[in-house]
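Secondary and tertiary structure notes
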Amino acid sequence: MGDAVRDSTLLMGVHGVLTRHPWLVPPAGASEPDVDVFGLAVNRAEVYGWSSTLLGAGMELGGSRWGHNDAGEDWTQDGRVREIGWLQVDASSRLNRQRLPVLPVATVLGDVLRQVGDIRVTGVHTVAPVHLAPDPAAALLYTAGWYELADPGAVREITVTVSGREAGLAGRAGRVRDEALACTYGCMTVEPETTDVALPGLALPLTGEMQTEGMRRALAFRCRVPVWSLDAAAWTTEVFVEALRVTGTAEPVMITVSG
């Protein structure tokens, strides 16, 4: 197995529009506040006990969820879709059957961004080390139950794409669709889409050029979800991580979810 297969990097980028809180907008001529996603993400992950920093509660639990690698943001105030925050972590290979920390990373990013401003999320891209993912069936069942409480009027159509390096990935589209449907317990529809579908909810270029080098878009789907949110995007990502895992994907992939 090559280095790409063993790579434990999990990288998530959140795309949308962030409008800074008025009290964090410096007056003309004043310096910018010393605030960024990296520092705030370390702070927030520490509070949850998910990080591997010195005082992280995860260390006392016999294994942290991740180690911080890098983070960044584009908070340009022009009303355009930007990659408003991204976080790159090293997912622990000793998760003791805990799922890949897709939702925890999304939660940290969401907390960070909402602390800085009002956000409208339009898309999420995730580089996921599928080979480290355990079977998340029970957790996905609970998640589907959570979304059964959503406002029926909040249903949203979204686009999901999968990029990877494996030569046979495109040929597994039907199986991936079936497995994704099985993971959603009737709370999401999944239909095939052309791989050249436009993704206006994402700001290009996507962070992670090094991790995604050599990847090609192999799969695309049109899905209907009970509600659109950063949390729902993380759930959708996990659904496709599991569908890819169970159909034989053994290398990292990039999954995009855009509304």
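Before reading further, recall that the structure is shown in the block above.
Attention here is on the structure that accompanies the text. Given the structure is predicted, the values throughout are model-derived calculations rather than measurements.

**Notes on the overall build of the protein**
Regarding its fold elements, the protein presents seven helices and eight strands. When the 259 residues of the protein are sorted by exposure, 51% land in the buried category. Looking at the protein alone, contacts between residues at least 24 apart form 83% of all its contacts between residues at least 6 apart. Of the roughly 12,100 Å² of accessible surface on the protein, a fraction of 53% belongs to carbon and sulfur atoms.

**Here we look at the pattern of salt bridges**
Counted by the stated rule, this structure contains 11 salt bridges. Note that D74 and R82 form a salt bridge whose closest N and O atoms lie 3.3 Å from each other. In this structure D74 comes out as partly exposed when scored by relative accessible area, which is 22%. R224 is the salt-bridge partner of E157, the closest N and O atoms lying 2.9 Å from each other. With E157 in strand β5 (residues 156-164) and R224 in strand β7 (residues 216-225), the pair connects residues that are 67 residues apart, well separated along the chain.

**Observations regarding empty space enclosed by the protein**
Left-over empty space is what a probe sized like a water molecule reveals as it rolls over the atoms. Within the structure shown, the criterion is met by one cavity of 30 Å³ or more. Within this model, the largest cavity holds a volume of roughly 60 Å³. Lining the largest cavity, in full, are R99, L100, V102, A133, P134, P136, E238, V241 and E242. The element best represented in the lining of the largest cavity is helix α7 (residues 230-246), accounting for three residues. Counted by class, the lining of the largest cavity contains six nonpolar, no polar and three charged residues.

**With respect to the nonpolar core**
One finds F240 and I255 to be the most contacted residues of the largest nonpolar core, which totals 60 residues. For this core, the element with the highest residue contribution is α7, accounting for 10 residues. Beyond its immediate chain neighbours, meaning those up to four positions away, F240 contacts V160, V176, A180, V190, F221, C223 and I255. Counting residues in hydrophobic clusters, the runner-up holds nine residues, among them L11, V127, L206 and M215.

**Quick look at unusual backbone geometry**
With omega at 0°, the peptide bond leading from L204 into P205 counts as cis. Along the chain, the position of P205 falls in the loop between β6 (189-192) and β7.

What counts and what doesn't
- Every chain is numbered independently, its residues counted from 1 as its sequence is written.
- This being a predicted model, a pLDDT of at least 70 is required before a residue's local features are given, and a value of 80 or more before pairs of side-chain atoms are given or counted; all residues contribute to the totals for chains, interfaces and linings.
- Side-chain metrics in this entry use all non-hydrogen atoms of the structure; hydrogen atoms and water are not considered.
- Only runs of H or I of at least four residues qualify as helices and only runs of E of at least two qualify as strands under DSSP, and these elements are numbered from the N terminus.
- Buried residues are those whose accessible area, probed at 1.4 Å on protein chains only, stays under 20% of the maximum for their type, while exposed residues exceed 50% and partly exposed ones sit between those limits.
- Contacts: residue pairs with any heavy atoms within 4.5 Å of one another.
- We get accessible surface area from the Shrake-Rupley algorithm with a probe of 1.4 Å; when it comes to residues, only the shown protein chains can shield them.
- Within this document, salt bridges are pairs made up of a side-chain nitrogen of Lys or Arg and a carboxyl oxygen of Asp or Glu, the two lying within 4 Å of each other.
- Lining residues are defined by having an atom within 4 Å of a point belonging to a cavity or pocket. Those points lie on a 1 Å grid over the protein atoms alone, cavities being sets where a 1.4 Å probe fits but cannot get out and pockets being open sets with protein on both sides within 12 Å along at least five of seven lines.
- Grid points are joined across faces, edges and corners, and a volume is the space filled by probe spheres set on the points.
- Think of it as three bins: nonpolar holds Ala, Val, Leu, Ile, Met, Phe, Trp, Tyr, Cys and Pro, charged holds Asp, Glu, Lys and Arg, and polar takes everything else, Gly as well.
- Grouping buried Ala, Val, Leu, Ile, Met, Phe, Trp, Tyr and Cys residues that are joined through side-chain atoms within 4.5 Å yields what is termed a nonpolar core.

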